[in-house]
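Structural overview for review
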Number of protein chains: 2
Amino acid sequence: MAPAPPFLAEDGPEDTEAEIMRAAYAALCEHGYADLTIERIGEEFPKSNSLVYRHYDGKDDLLVALLESMLDHFEGREPCDGADGPRERLETLLDRAVTPPSGEDAEFESALVELRGQAPHNEDYRRHFTRADRVFRAGIAETIRRGIDQGVFREVDPDRTATVLFALLDGLRLQRATTDDGVDGEAVRAELDAYVEARLLADDTE
Amino acid sequence: MAPAPPFLAEDGPEDTEAEIMRAAYAALCEHGYADLTIERIGEEFPKSNSLVYRHYDGKDDLLVALLESMLDHFEGREPCDGADGPRERLETLLDRAVTPPSGEDAEFESALVELRGQAPHNEDYRRHFTRADRVFRAGIAETIRRGIDQGVFREVDPDRTATVLFALLDGLRLQRATTDDGVDGEAVRAELDAYVEARLLADDTE
């Protein structure tokens, strides 16, 4: 949705917590959720494993902390905040949503589906994804609201539009991570173009 | 999407396989995936547990068989095949998609998200969900195709439209099963109405 949180950057902060987060992220991408253990996270951690155990109760405790740290970074931001105006942001968001990620991003997308699968029976994951959905949905709504203010988008209900778009993006990610076919990104993008044209763009916008 | 498979009906067939499937479905709804064991499935089974073990290698083997049996029932059908014409089918599908299920249906929806979460690391689940997505997407596309033939819908690309709608429905289910907020069904339905109006309905349809 936006550049990764600074603690995931190679030249990110070197405090213990940031290092544990980086180790957890790397191990999650490498092993996926099902095969992840605190020991495997420890293998990615440059300091003593005992530090990981001292900070977290187990792999779920640590993974929820990772997800929350990543989410903190996105909170209050609009999606794709490198892009210029509201329309460009929305287009960039949709472009990214239909483009299958590769490498570590693909591994993380898959792992995220596994972690979502914990939410029905694990309250901590559930609380996190409740917050995550609010944050991302609000970011999209804000872009739409700004576009309406600038006369680029029509006077639609920003929250309603964001709810539909965000559910669609989540569905695409889910289907991509759990099937061999993936999703026909070009087809989806073309239909989203038609939707934006028909429902969102102000009449005098080309 | 349609009435449940006959083997799940109370007066369904009484052969051993159907009884195992019913037991697996009941136990999955009651315990969810994470807490499910073959023993717990056996508790729902009227005959000797050893029969379950004789037929299936473990809980995943049995659950994939359950999912496949359910899917067999939907294969080749259009969604909501009780409804009259293509437009009514589509409307019924969208109505159902935004209505949170209750009771056992809600429990099954949650369990399905847990099972989807196995697909990134388990090839059998992945193969099943690949097939499932094809079947459901094709059913929606068929409804749209029929609507175009009958002049109710415009000459859209049925597969493209079905891909987007189906991803959206999956996203709604995912968000509902993994968050406390759920999804604002009324808002989504209103936006879907607007979408159908703007993109699908033929000009002379009211």
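Note: the structure precedes this text.
First, a word on what this report is: a plain description of the structure on this page. Along each chain, numbering runs from 1 in the same order as the chain's sequence is written. Whichever chain is written first becomes A and whichever ligand is written first becomes 1, with later ones labelled in order. Confidence filtering applies because this is a predicted model: local features only for residues at pLDDT of at least 70, side-chain atom pairs given and counted only at 80 or more, and all residues used for totals across whole chains, interfaces and linings. In computing side-chain properties, one takes all heavy atoms of the structure into account and sets aside hydrogens as well as water.

**A few points about the packing of aromatic side chains**
Residues and elements named next belong to chain A. Where we set the bar: Any two of the Phe, Tyr and Trp rings considered here, Trp counted by its six-membered ring, make a pair once their centres fall within 6.5 Å; the pair's planes then place it as stacked at under 30 degrees, edge-to-face at over 60, or tilted in between. A helix here means a DSSP run of H or I that spans at least four residues, while a strand means a run of E at least two residues long, and both kinds are numbered starting from the N terminus. Note on exposure labels: buried denotes an accessible area under 20% of the residue type's maximum, exposed denotes more than 50%, and partly exposed covers the range between, all computed with a 1.4 Å probe on protein chains only.
Here the structure, examined in full by the defined rule, presents 9 aromatic pairs over all chains. Residues phenylalanine 74 and phenylalanine 136 carry aromatic rings whose centres are separated by 5.5 Å and whose planes lie at 55 degrees to one another, so their mutual orientation is tilted. Highlighted residues: phenylalanine 74 in helix 4 (residues 59-74) and phenylalanine 136 in helix 7 (residues 123-149), separated in sequence by 62 residues. A relative accessible area of 13% places phenylalanine 74 in the buried class.

**A short note on the relation of the copies chain A and chain B**
What counts here: When the copies are superposed, the least-squares fit draws on C-alpha atoms of residues that have pLDDT of at least 70 in both.
Overlay of chain A on chain B (RMSD 0.0 Å): rotation 180 degrees, translation along the axis 0.0 Å. As the rotation angle and translation indicate, the two copies are arranged about a two-fold axis.

**Comments concerning the state of the cysteines**
All names here are of chain A. What counts here: Cysteine sulfur atoms that pair up within 2.5 Å are treated as a disulfide.
Overall, the coordinates contain 0 disulfides over all chains when judged by the stated rule. Unpaired in this structure, cysteine 29 has its nearest cysteine sulfur neighbour in cysteine 80, at a distance of 20 Å. Cysteine 29 sits in the buried class, given a relative accessible area of 4%.

**Remarks on the packing of helix 8 (residues 158-178) of chain A against helix 8 (residues 158-178) of chain B**
Applicable threshold: Whenever a helix is involved, its axis is fitted only over the stretch in contact; in every case the axis is a line through C-alpha atoms, and angles between N-to-C directions fall within 0 to 180 degrees. Between 65 and 115 degrees an angle is taken as roughly perpendicular, under 35 as roughly parallel, over 145 as roughly antiparallel, and anywhere else as oblique. In this analysis, two residues are considered to be in contact whenever any of their non-hydrogen atoms come within 4.5 Å of each other. Residue type decides the class: Asp, Glu, Lys and Arg count as charged, Ala, Val, Leu, Ile, Met, Phe, Trp, Tyr, Cys and Pro as nonpolar, and the leftover types, Gly among them, as polar.
Running from N to C, helix 8 of chain A and helix 8 of chain B point in directions that differ by 95 degrees, and their axes come no closer than 6 Å. The pairing of helix 8 of chain A with helix 8 of chain B is recorded here as roughly perpendicular in orientation. Taken together, the residues of helix 8 of chain B that come into contact with helix 8 of chain A (itself represented by A:Val164, A:Phe166, A:Ala167, A:Leu168, A:Asp170, A:Gly171, A:Leu172, A:Leu174 and A:Gln175) are B:Val164, B:Phe166, B:Ala167, B:Leu168, B:Asp170, B:Gly171, B:Leu172, B:Leu174 and B:Gln175. Broken down by class, the residue content of the contact of helix 8 of chain A with helix 8 of chain B amounts to 12 nonpolar, 4 polar and 2 charged.

**A closer look at the pattern of salt bridges**
Residues and elements named next belong to chain A. The line we're drawing: We count a salt bridge whenever a side-chain nitrogen from Lys or Arg sits within 4 Å of a carboxyl oxygen from Asp or Glu.
Inspection of the entire model under this criterion finds 48 salt bridges over all chains. Here glutamate 109 and arginine 176 are joined by a salt bridge, their closest N and O atoms 2.9 Å apart. Here arginine 176 lies in helix 8 and glutamate 109 lies in helix 6 (residues 103-116), a separation of 67 residues in the sequence. A single burial state applies to glutamate 109 and to arginine 176, both of which are buried. A cluster of three or more residues bridged by salt bridges with shared partners is formed by Glu78, Arg89, Glu142, Arg145, Arg146 and Asp159.

**Remarks on the side chain of B:Gln118**
Residues and elements named next belong to chain B. Secondary-structure assignment places glutamine 118 in the loop between helix 6 (103-116) and helix 7 (123-149). Judged by relative accessible area, glutamine 118 falls into the buried class, the value being 11%. Residues contacting glutamine 118, with those up to four places away along its chain left out, are Tyr33 and Tyr125.

**Observations regarding helix 9 (residues 185-200) of chain A**
The set of residues buried in helix 9 of chain A consists of A:Gly185, A:Ala187, A:Val188, A:Arg189, A:Glu191, A:Leu192, A:Ala194, A:Tyr195, A:Val196, A:Arg199 and A:Leu200. Next to the buried residues of helix 9 of chain A lie helix 5 (86-98), helix 7 and helix 8 of chain A together with helix 8 and helix 9 (185-200) of chain B.

**Digging into the environment of A:Glu186**
Residues and elements named next belong to chain A. Within the secondary structure, glutamate 186 sits in helix 9. Looking at glutamate 186, the relative accessible area reads 71%, which means it is exposed. C-alpha of glutamate 186 to C-alpha of threonine 99: the two residues are 87 residues apart in sequence and 8.6 Å apart in space.

**Topic: empty space enclosed by the protein**
Stated formally: Points on a 1 Å grid, built from protein atoms alone, make a cavity when a 1.4 Å probe fits but cannot get out and make a pocket when they are open with protein on both sides within 12 Å along at least 5 of 7 lines; residues with an atom within 4 Å of a point are the lining residues. Grid points are joined across faces, edges and corners, and a volume is the space filled by probe spheres set on the points.
Counted under the stated rule, the structure contains 3 cavities of 30 Å³ or more. Approximately 120 Å³ is the volume attributed to the largest cavity. Taken together, A:Val164, A:Leu165, A:Leu168, A:Glu191, A:Leu192, A:Tyr195, B:Val164, B:Leu165, B:Leu168, B:Glu191, B:Leu192 and B:Tyr195 make up the lining of the largest cavity. Those elements that provide at least two residues to the lining of the largest cavity are helix 8 and helix 9 of chain A together with helix 8 and helix 9 of chain B. Here the residues of the lining of the largest cavity sort into 10 nonpolar, no polar and 2 charged.

**Observations regarding the interface of chain A and chain B**
Many structure descriptions define interface size as the accessible area lost when the parts assemble. This is how the line gets drawn: What gets called buried area is simply the loss in accessible area from a 1.4 Å probe that two parts show on being joined, summed for both. The term polar contact refers here to a pair of N or O atoms within 3.5 Å; inside protein, the definition further demands a hydrogen-donor-capable atom paired with an acceptor-capable atom, and it admits residues adjacent in sequence only when both atoms are side-chain atoms.
Taken together, the contact between chain A and chain B spans 43 residues of the former and 43 residues of the latter. Here chain A meets chain B over a buried area of about 3900 Å², counting both sides, of which 58% is carbon and sulfur. The largest contributions to the chain A side of the interface with chain B come from A:Arg160, A:Gln175 and A:Glu191, which together make up 16% of the buried area. Counting the contacts that link chain A with chain B gives 8 salt bridges. Among the ionic pairs, B:Asp181 bridges to A:Arg134, the shortest N-O distance being 2.6 Å. At the boundary of chain A and chain B, one finds 24 residue pairs in polar contact (both at pLDDT 80 or more). Within the residue set of the side of chain A that touches chain B, elements represented by two or more residues are helix 6, helix 7, helix 8 and helix 9 of chain A. If one sorts the elements of the side of chain A that touches chain B by residue count, helix 8 of chain A sits on top with 15 residues.

**Side note on the nonpolar core**
Put simply, the rule reads: The definition of a nonpolar core used throughout is a set of buried Ala, Val, Leu, Ile, Met, Phe, Trp, Tyr and Cys residues joined through side-chain atoms within 4.5 Å.
A:Ile144 and B:Ile144 are the most contacted members of the largest nonpolar core, which totals 66 residues. Apart from the residues lying within four places of it in its own chain, the contact partners of B:Ile144 are B:Phe153, B:Val156, B:Pro158, B:Thr161, B:Ala162, B:Leu165 and B:Leu200. With 32 residues, the next largest nonpolar core counts B:Leu28, B:Leu62, B:Leu63 and B:Phe108 among its residues.

**Some details on helix 7 of chain B**
The following threshold applies: Helix span is expected to be 1.5 Å times the residue number reduced by one.
Between the first and last C-alpha of helix 7 of chain B there are 38 Å, a value that for 27 residues agrees with the 39 Å anticipated at 1.5 Å per step. Phi turns positive one or two residues past the end of helix 7 of chain B, at B:Gly151, with a value near 80 degrees.

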